[in-house]
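Structural characterization, general
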Amino acid sequence: MDLTPAAWQLWIVAALICGGLEIKLSGFGLVWFGAGALVSSLAAALGLGGFLQVALFATVSIGLFAASRTLFKNVFMRNASHLKTGVEAMVGQEAVVMEAIGTPHGGTVRINGELWTARSLSGAIPEGELVTVEQVEGLKLWVRRPSATLSVPAAEQKQEKV
């Protein structure tokens with residue numbers, strides 16, 4: 001009685017190991033390598049050579065992995081918006097002036113419970129006023145009064161229409 005495993009049995013063991021690790025790790029990546037191992041076990045059972053078995057394993061595994069990523073990204077994530085975090089999330093938020101912001105020198109604002117050095121884009125701003133963060137430059141915030149807009153005054157709009 002010969003107890004040496006055949007190639008198809010080794011591929012089945014590899015598929016079971018990939019399946020077990022997929023369940024344990026839950027990364028949703030090893031399942032495709034398990035599927036590739038199953039295809040290779042079928043090729044080994046049909047008597048195909050070792051090189052062709054490895055080529056099938058690589059092709060099927062990588063193909064399924066790439067297709068699933070594309071599928072998940074295009075189908076399940078198509079309406080997902082980019083989540084802003086850190087400094088990127090500060091732009092557009094309101095902050096409270098803790099130390100008056102003068103024109104030549106900056107002041108201090110509190111945003112998300114943190115104190116930041118700030119410069120004004122709309123002139124001097126007294127302490128206690130709400131401002132909107134327009135830009136982040138290193139460790140400095142460029143802020144503007146919420147009422148300070150860049151819109152064209154109504155008198156100039158009427159002149160343009162004429």
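Placed above this text is the structure.
Residues numbered from 1 in each chain as written. Predicted model: local features only at pLDDT ≥ 70, side-chain atom pairs only at ≥ 80, totals over all residues. Heavy atoms only, no water.

Some points on the overall build of the chain
Secondary structure assignment for the chain yields four helices and five strands. Reading the chain from its N terminus to its C terminus gives the helix and strand order α-α-α-β-β-β-β-β-α. Expressed as a percentage of contacts within the chain between residues at least 6 apart in sequence, the contacts between residues at least 24 apart total 39%. Entry remark: accessible area of the chain is about 11,300 Å², with carbon and sulfur atoms responsible for 65%. (Helix = DSSP H or I, 4+ residues; strand = E, 2+ residues; numbered from the N terminus. Contact = heavy atoms within 4.5 Å. Areas by Shrake-Rupley, 256 points an atom, 1.4 Å probe, with all protein chains shown as cover.)

Details of the pairing of strand β2 (residues 107-111)
With four of five residues buried, β2 lies mostly within the body of the structure. The pairing of strand β1 (residues 94-99) with β2 spans three bridges and is antiparallel. Its bridge partner lying in β2, V96 is registered against R110. Sheet topology places β2 next to strand β3 (residues 114-120); five bridges connect them, and they run antiparallel. Directly across from I111, in β3, lies its bridge partner E114. The turn joining β2 and β3, which pair antiparallel and follow one another in sequence, is formed by two residues; a positive phi near 55° is taken by N112. (Buried < 20%, exposed > 50% of the residue type's maximum accessible area, 1.4 Å probe, protein only. Pairing = 2+ DSSP bridges.)

A few points about the sheet that holds strand β5 (residues 140-144)
The strand order β1-β2-β3-β5-β4 describes a closed barrel built from five strands, whose pairing is mixed. Each strand of the sheet is rotated relative to its neighbour by a mean of 55°, with strand direction disregarded. (Axes fitted to C-alpha atoms, helices over the stretch in contact; angles between N-to-C directions.)

Focus on the side chain of S120
Checked against the element boundaries, S120 lands in strand β3. A polar contact of 2.4 Å, which involves the side chain of S120, links it to the backbone oxygen of G123. When near neighbours in sequence (up to four residues on either side) are disregarded, S120 contacts I101, I125, W142 and V143. (Polar contact = N/O pair within 3.5 Å; in protein donor to acceptor, adjacent residues only side chain to side chain.)

Observations regarding the pattern of salt bridges
For the structure on display, the rule yields three salt bridges. Between R145 and E129 there is a salt bridge, with the nearest N and O atoms lying 2.8 Å from each other. Pair noted here: R145 is in the loop between β5 and α4 (154-161) and E129 is in the loop between β3 and β4 (130-137), with a separation of 16 residues, a long-range link. The class of E129 is partly exposed, set by a relative accessible area of 23%. Between K140 and E137 there is a salt bridge; the shortest N-O distance is 3.9 Å. (Salt bridge = Lys/Arg side-chain N within 4 Å of Asp/Glu carboxyl O.)

Regarding the pairing of β1
It is a general feature of regular strands that their side chains alternate between the two faces of the sheet. In the sheet, β1 pairs with β4 via three bridges, with the strands oriented antiparallel. If you follow V96 over to β4, its bridge partner there is L130.

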